[in-house]
Structures are given as C-alpha cells and as structure tokens.
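In case you want the letters, here they are:
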Amino acid sequence: MSKKNIFIFPGDEIGPEITTEAIKIIDFLNESKMTDIHYEFGDVGGASLDKYNKPITDETLEKARKSDAVLLASVGTPKYDNNTRELKPEHGLLVLRKHLNLYINIRPIFVFNTLSEFSSLKSELINDLDLVIIRELIGDVYFGEPRGFKDVNGDKVGYNTMQYSESEVQRITKFAIDIALKRNKHITSVDKANVLECSQLWRQTVDRIMEGHSNIDLQHMYVDNAAMQIIKNPKQFDVILTPNLFGDILSDAASMLTGSIGLLPSASLSETIGMFEPIHGSAPDIAGKGVVNPIAMILSLAMMFEYTFDRQDLARIIKKSVDDVLESGYFTKDLSQNDYITTNEMGDKILESIKKLC
Ligand code: NAD
C-alpha cells in the first residue's frame, strides 16, 4: 500500500478513549508492513474551543482537506451547552462536513448474530439483518437559509429553511444506485411528499434519476411510515435513501436494532475524500470510566480501508476480528452490565484477533 496520510480528530469526552483503540490497530498494521499510514491529530468541537475559542480553525480544515482520509471520534461536551450556535462544539463538525463537501453518508446497519438477544426486537426479526442507510449530509434544514429567531407581534419565533436543489438530490440518488447495484437492488426513498414541497422535489428527482434503472426496485415511503417499518420489519429494507434530517433520526432508531449504538460505524464521502466516524456522540455520561464500547470506532477504521483505500482485505479482517471477540463472549458494559471488559481490554482483544488473522 502506498503511503497514506490520515487526519485524526479524537474530539470530545469519550473521543480520545476510542481513538486510542483504533490507533493500536493502525500501529500494528504499520509495524507489520501491511500499511504505510502516517497520521496527524487535529482538534474539533470542545477540544478546539478549549485551545482556540473556535470549534474548528481554518488551518485545521485545510489540513484535513489535504489528507487522504479523516478519522473522527466524537464531538460535543456539556461544558459549551450555553454557547451561541457558531461557538457550539457540534458546529465544528457541520463546518468540517461542509468544507470537505461530504454529501454522502453511509450507515450500514447489521447485526452480529451473537448479539441478537441484545436487540430491542425479537431475534427472528433481526437475525442476519443487513441494510444500509444512504443519507444526504450537507443539505436540508440543517444548512438552509434563512434561519434564526425573530419577533412576530411580540411572540418570539425560531425558524429554519428546509430545502434541496435538484442537483443535490441527483448526486445522492446516483450514489444510492451504485450501492444498490452491488447489493439486493432495492431502494427505499424516504420523504414527506404528502405535505412538504421540498420532499415533492426530492421524490420527482429520484423518480427521474431512476428512469433507466428498471433492474432496481424503487419504493417511496413517507418518513413516519419508515420509522414504523424499521421497527416492525427491518429486513424488508436493502438501501434506504434519505434526506439529512430524516436520515439523522431513522439511523439512530435503526442502530438500536443492533443492540448498542456503540457498535455502528459510518462513512461520509465526497468525490475526493472520506471521513469515517462512529454514529454515536461523545457520551459525556460515561466518559473517562473505561466503559465505552470502541467497536463503532474500530469498524469506522474498517470502513476507511473499504471505501477510501480499497483494502477490502483489511476491512474484512477487522470485521471478522470484532465478530470473533464478541462470539467468544467478551462484551463492554453497554452490552453486559455485570460481566464486562473495559474499553482498553476490548481494544486489546480485537487487536489480538487481528494479529491471528493477518
Ligand atoms: P450519544 O450518542 O453521545 O449517547 C447516547 C447514549 O448512548 C448515552 O447513554 C451514551 O452513554 C451511549 N453511548 C454512546 N456511545 C457509546 C459507546 N461507544 N459505548 C457505550 N455507550 C455509548 O448521544 P447524546 O447523549 O445525545 O449526545 C452527547 C453529545 O454528543 C452531545 O453533545 C451531542 O451533540 C453529541 N453528538 C455528537 C455526534 C457526533 O460526533 N457525530 C453525534 C451525536 C451526538
């Protein structure tokens, strides 16, 4: 593998703990000459506010953009809860996604069958579950203008703008098609076209782009129904294509099917760069106690090998190692309240397993 430069954001609260476990794996792969990865650290969120009084600096954004891939742990800390929007930790993440033009978010939702009993659903509903959520990441109500607060006849009003352009819907739909063609050729596009103009444009555009792809089965589903169906019968889905806001909510709901939010990775892509991060946040309630599950972070590293470095071999080894460790009955506290291993021990077990498979 040629030399790769990755930029790592440990971020806030539990971020540094799970970053340590991913770095153990990178170091091992480098030492055993399976990779040649150079990594550099940067600050985002509260970590950046602490040092620079900004949730991310221009210099950091540029360094991240020039790297081959970005690995990010988690952003957010209650310390800055009362800051204005631009000075909140999470704003740094939104700016980073926008700066890197990461319009594609990929969230695979799969179940380690060893863990099916930890799901909030009956095991027959989720055994062998394997779906992927393709979420548009830099449009929608999170970025639409105008936004803000105003006074309407003495009543304070908060407002945002939900919007999508045809070109934004087109490019994310094309990506969903590429993914669907490699899977079971079934796309469920989520919207709220019965009440929202923005969703009507979404639906019309998806239909137009799908013309000529009669080998893919396309279904449109209102977001309220999609929320219900994910809980009722998740195995009906293959690829879920969704706008930013609906995808944010549906993907967290779907994560519960797998047993713990601490298990699921994500990838965010542009045409030129990928950023890989667990789907969970910074979990301030458990930070510093050694009880965090590092698996979502480790699987995010696996996604980096899969999507950016074209190293399916390493992605497979990491995933198999996680599966083997879970199958051997080792769990962090989110999965086993009384009999659990620490974050550090889980990282070591996975690394041992990787060493055996390499
Ligand atoms: P969260 O995902 O941090 O935590 C939700 C629950 O899941 C908590 O009980 C937490 O302890 C648990 N949890 C999360 N990750 C875990 C792990 N790896 N192992 C074990 N348990 C885990 O969501 P939240 O509590 O709503 O938000 C906390 C902070 O994170 C906020 O500041 C929020 O804005 C931020 N956040 C950041 C991201 C991100 O960085 N992409 C995503 C969501 C939330």
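Residues numbered from 1 in each chain as written. Predicted model: local features only at pLDDT ≥ 70, side-chain atom pairs only at ≥ 80, totals over all residues. Heavy atoms only, no water.

## Considerations on the overall build of the chain
In terms of regular secondary structure, the chain is built from 12 helices and 12 strands. Relative to its length of 358 residues, the chain is compact, with a C-alpha radius of gyration of 20 Å against a globular reference of 21 Å. C-alpha atoms of the chain, sized along the principal axes, occupy 60 × 50 × 45 Å. Pairs at least 24 residues apart make up 75% of the contacts formed inside the chain by residues separated by at least 6 positions. Of the accessible surface of the chain, which amounts to about 15,800 Å², a share of 48% is contributed by carbon and sulfur atoms. (Helix = DSSP H or I, 4+ residues; strand = E, 2+ residues; numbered from the N terminus. Rg over C-alpha atoms; globule rule 2.2 N^0.38 Å. Contact = heavy atoms within 4.5 Å. Areas by Shrake-Rupley, 256 points an atom, 1.4 Å probe, with all protein chains shown as cover.)

## Remarks on helix α6 (residues 166–182)
Here α6 contains 17 residues, and its C-alpha end-to-end distance of 25 Å stays within 8% of the 24 Å for a straight helix at 1.5 Å per residue. Glu168, Val169, Ile172, Thr173, Phe175, Ala176, Ile177, Ile179 and Ala180 are the residues of α6 that are buried. (Expected span 1.5 Å × (residues − 1). Buried < 20%, exposed > 50% of the residue type's maximum accessible area, 1.4 Å probe, protein only.)

## Side note on the sheet that holds strand β1 (residues 4–11)
Two modes of strand pairing occur in sheets, parallel and antiparallel, and in both the strands are linked by backbone hydrogen bonds. Ordered by their spatial adjacency, 10 strands build an open sheet running β2-β1-β3-β12-β11-β4-β5-β10-β8-β9, and the pairing between neighbours is mixed. With partners counted over all chains shown, the strands left at the sheet margins are β2 (37–41) and β9 (217–222), one partner each. Put simply, the sheet's adjacent strands are angled 20° from each other on average, direction ignored. As paired strands, strand β8 (residues 186–191) and strand β10 (residues 239–242) are joined by 3 bridges and run parallel to one another. Residue pairing in the sheet places Ile187 in a bridge with Val239 of β10. Where helix α7 (residues 197–210) meets the sheet, its contacts fall on β5 (130–136), β8, β9 and β10, and the angle it forms with β9 comes to roughly 175°. Here helix α9 (residues 244–255) sits on the sheet and contacts β4 (104–110), β5, β8 and β10; the angle it forms with β5, its principal contact strand, is near 155°. (Pairing = 2+ DSSP bridges. Axes fitted to C-alpha atoms, helices over the stretch in contact; angles between N-to-C directions.)

## What to know about the environment of Ile126
By the element assignment, Ile126 lies in helix α5 (residues 123–126). The class of Ile126 is buried, set by a relative accessible area of 0%. Ile126 has contacts with Val111, Ser116, Ser119, Leu121, Pro234, Lys235 and Leu257, leaving out every residue within four places of it along the chain.

## Re empty space enclosed by the protein
Rolled over the atoms, a probe with the dimensions of a water molecule shows which regions are left empty. This structure, assessed with the given rule, holds 1 cavity of 30 Å³ or more. Each pocket or cavity is described by its volume, and for the largest cavity that value is around 50 Å³. Forming the walls of the largest cavity are Asp140, Met162, Tyr164, Cys198, Ser199, Trp202, Pro243, Leu245 and Phe246. By residue number, the principal contributor to the lining of the largest cavity is α7, which donates 3 residues. (1 Å grid on protein atoms, 1.4 Å probe; cavity = no way out; pocket = protein on both sides within 12 Å on 5 of 7 lines; lining within 4 Å. Points joined across faces, edges and corners; volume = space filled by probe spheres on them.)

## Observations regarding the pattern of salt bridges
All chains considered together, the criterion is met by 19 salt bridges. The residue Glu86 makes a salt bridge to Arg85 at a minimum N-O spacing of 3.2 Å. Its salt-bridge partner being Arg183, residue Asp130 comes within 3.4 Å of it at the nearest N-O pair. Within this pair, whereas Asp130 is found in strand β5, its partner Arg183 is found in the loop between α6 and β8, the two being separated by 53 residues in sequence. Accessibility expressed as a relative area gives 44% for Asp130, which makes it partly exposed. Within this structure, Glu21, Lys24 and Asp348 form a network of salt bridges that share partners. (Salt bridge = Lys/Arg side-chain N within 4 Å of Asp/Glu carboxyl O.)

## Considerations on the site of the ligand
As a matter of local geometry, the ligand sits amid 19 residues, with Val75, Glu90, Gly281, Ala283 and Asp285 nearest to it. Within the backbone of Val75, one N or O atom sits 3.0 Å away from an oxygen atom of the ligand. The side chain of Asp285 places a nitrogen or oxygen atom 2.9 Å from an oxygen atom of the ligand. Contact with the protein chains covers 68% of the free accessible surface of the ligand, which is 810 Å². Split into classes, the residues belonging to the shell around the ligand amount to 7 nonpolar, 8 polar and 4 charged. (Near = heavy atom within 4 Å. Polar contact = N/O pair within 3.5 Å; in protein donor to acceptor, adjacent residues only side chain to side chain. Nonpolar A, V, L, I, M, F, W, Y, C, P; charged D, E, K, R; others polar.)

## Side note on the side chain of Glu17
One can find Glu17 in helix α1 (residues 15–31). It turns out Glu17 is buried and unbridged, and the closest side chain with the opposite charge, Lys289, is 9.6 Å from it. If we skip the residues at most four places from it in the chain, Glu17 touches Ala287, Gly288, Lys289, Gly290, Val292 and Thr343. (Lys, Arg positive; Asp, Glu negative; His and termini not counted.)

Nothing here speaks to function; it is all geometry.
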